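# Coordinate analysis (summary)
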Amino acid sequence: MVGIRSTPWALSLLPIITRQTVALNISPKNDNAVISRRQFALHIQAVTSAAAIFGSAVSIPAAADAATTKPPTSPIAERFESDLLTSPPITAGVRPSGHENLFFPSWMEGEWDVTQTLTSNKTPLGLKYVGGPQGSLDVAQKTMEEQNKRINEEVNLKLRFVKTSFGVVEDRAFNLKSRLNSFAGKNVVASVDYADVRESNRASVLAGGGTESDPLTTTLVYFKGPAAQKTFVISHGQDSLDSDAWSGYELDRSIFALTNQSTAPPVTTDQEILYSFIKNGNDKVDGRLRLAAYLNPQADMLYFDARNRAVSINDYTLSLRRSSNAE
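Keep in mind it's a predicted model, so treat the numbers as computed, not measured. (Residues numbered from 1 in each chain as written. Predicted model: local features only at pLDDT ≥ 70, side-chain atom pairs only at ≥ 80, totals over all residues. Heavy atoms only, no water.)

Our focus in this paragraph is the side chain of Asp315. Along the chain, the position of Asp315 falls in strand E11 (residues 312-322). For Asp315, a relative accessible area of 11% gives the class buried. Setting aside residues no more than four positions away along its own chain, Asp315 makes contact with Thr117, Leu118, Thr119, Ser120, Lys122, Leu289 and Arg290. (Helix = DSSP H or I, 4+ residues; strand = E, 2+ residues; numbered from the N terminus. Buried < 20%, exposed > 50% of the residue type's maximum accessible area, 1.4 Å probe, protein only. Contact = heavy atoms within 4.5 Å.)

Laid out in structure tokens, this is it:
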């Protein structure tokens, strides 16, 4: 889920610092900033897409990337190796089980202490594509400067993965709150709830042998500021679960709206979240996270020019250690 054009890997999953946290006046170490609704709409389109001007990349030296061993190749893992990404096909609506989810290997079950480090920001199609609904270069450049300050910055957070009767899934409510608060540097989330959709709903989970506590795929976040975000999983896929190396992805669609008296329309964003994990013993997992942002026809003037290609790519390293004091 938390962090991105839309929200965090949020493994945010949604990271993550999200454009939403910046737009909500909950950006790190900035308790006094005030932002207008128009600024919000622009910031939410760009904050995690920061990179060098006109499509160049900002990254740490290659030697740092080598610290994380790359897993064996697969079609999903190969998406880490190219910056020319096309949005995965939408699978929502074609999987009618009612308990769809992204399933992780069994060795991911449990609570983890995670260090997530931003290593690279890229804008493959050019800076204007991350400049908000109107493609503002000024907004994009300012966002770039802000995001580049976070290169090499370690963010510590907790993540939880739970075993269900269908397989191991992430505890989205717990993880999304953890990511958003950790990347904001303070408590910005009031609550996280699950919402029923056809692909993942409580009635179908219970009918299939699941429980009331099993995570669903659609989340609804209420921030402490006057805003809320609803995130849907509209596509997902994964490698075989029978290996010590695993890759998977989700394509999330987030709808972000103010909850005060504002009549401004919600902002819709699309983001692909790519995971790559390697098991190193029973209590350690190393990995990579890639967030690829795509324009949305409801929000972005340059949507047709982008031709369904990623307009920003953020790469992170992940270090997971099994938590000794699980909540």
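This model, assessed by the stated rule, comprises eight aromatic pairs. With 5.7 Å between their ring centres and 70 degrees between their planes, Phe104 and Tyr275 make a pair best called edge-to-face. Of this pair, Phe104 sits in the loop between helix H3 (62-65) and strand E2 (110-122) while Tyr275 sits in strand E9 (residues 267-279), placing them 171 residues apart in sequence. Like Tyr275, Phe104 is buried. (Phe/Tyr/Trp six-rings, centres within 6.5 Å; stacked < 30°, edge-to-face > 60°.)

The final tally for this structure, using the stated rule, is 19 salt bridges. Between Lys122 and Asp83 there is a salt bridge, with the nearest N and O atoms lying 3.2 Å from each other. Taken together, the residues Lys122 in strand E2 and Asp83 in the loop between H3 and E2 connect sequence positions 39 residues apart. Judged by relative accessible area, which is 29%, Asp83 ranks as partly exposed. (Salt bridge = Lys/Arg side-chain N within 4 Å of Asp/Glu carboxyl O.)

Another point: helix H4 (residues 137-148). Each full turn of the α-helix corresponds to 3.6 residues, which orients residues three or four apart in the same direction. Between its terminal C-alpha atoms H4 stretches 16 Å, which fits the 16 Å expected from 12 residues at 1.5 Å a residue. What H4 keeps buried is the set Val139, Ala140, Thr143, Met144 and Gln147. When H4 is viewed along its axis, its buried side chains cluster within an angular range of 135 degrees and face the same direction. With a side-chain oxygen lying 3.4 Å from the backbone nitrogen of Asp138, the N-terminal cap of H4 falls on Ser136. (Expected span 1.5 Å × (residues − 1). Arc of directions from axis to C-beta. Polar contact = N/O pair within 3.5 Å; in protein donor to acceptor, adjacent residues only side chain to side chain.)

The subject of this paragraph is the environment of Thr231. With respect to the helices and strands, Thr231 occurs in strand E7 (residues 227-238). The sequence separation of Thr231 and Thr218 amounts to 13 residues, and the corresponding C-alpha distance is 5.6 Å.

With respect to the secondary-structure elements, Gly131 resides in the loop between E2 and H4. On the basis of relative accessibility, which here comes to 0%, the residue Gly131 falls in the buried class. Expressed as a C-alpha distance, the spacing of Gly131 and Lys142, which sit 11 residues apart in the sequence, is 9.3 Å.

Glancing now at the pairing of E9. Extensive coverage of E9 is indicated by the burial of 12 of its 13 residues. Relative to E9, strand E8 (residues 245-258) runs antiparallel, the two sharing 12 bridges. In the strand pairing of E9, Ser247 is matched with Ser276. Two strands pair when backbone bridges link them, and E9 and strand E10 (residues 284-294) are joined in this way by 10 bridges, in the antiparallel orientation. (Pairing = 2+ DSSP bridges.)

Before going further, it helps to examine unusual backbone geometry. With phi around 55 degrees, Arg307 is a residue other than glycine that occupies positive phi space. On the secondary structure map, Arg307 appears in the loop between helix H7 (303-306) and E11. Within the chain, Asn308 stands out as a residue other than glycine whose phi angle is a positive 65 degrees. Examined against the element boundaries, Asn308 turns out to sit in the loop between H7 and E11.

What follows deals with the nonpolar core. Grouped together as the largest cluster of nonpolar side chains are 24 residues, with contacts concentrated most on Phe104, Met108, Tyr275, Phe277 and Leu320. Of all elements in the fold, only E2, strand E3 (154-163), E9, E10 and E11 reach the threshold of two or more residues within this core. Grouped together as the second largest cluster of nonpolar side chains are 11 residues, Leu180, Val192, Val221 and Phe223 included. (Core = buried A, V, L, I, M, F, W, Y, C linked by side-chain atoms within 4.5 Å.)

In this section: the side chain of Thr143. Examined against the element boundaries, Thr143 turns out to sit in helix H4. What makes Thr143 buried here is its relative accessible area of 2%. Looking at Thr143, its side chain comes within polar contact range of the main-chain oxygen of Val139, at 2.8 Å.

Among the 14 residues of E8, 10 are classified as buried, and the element is accordingly described as predominantly covered. Sheet analysis places E7 next to E8, joined by 11 bridges and oriented antiparallel. The residue bridging Phe232 from the neighbouring strand is Arg253, located in E8. Once E7 ends, the chain turns through six residues before running back antiparallel as E8.

So, about helix H5 (residues 172-184). With 13 residues, H5 should cover 18 Å at 1.5 Å per step; its first-to-last C-alpha distance of 18 Å lies within 8% of that length. Along H5, the residues that are buried comprise Arg172, Ala173, Phe174, Asn175, Leu176, Ser178, Arg179, Leu180, Asn181, Phe183 and Ala184. Gly185, located one to two residues past H5, shows a positive phi value of around 80 degrees.

It is worth spelling out the confidence of the model for the protein chain at this point. With 77% of its residues at a pLDDT of 70 or more, the protein chain has an overall mean of 81. Low pLDDT, under 50, characterises residues 1-68; the predicted model gives this stretch 288 contacts beyond four residues in sequence or across chains. (pLDDT = per-residue confidence, 0-100.)

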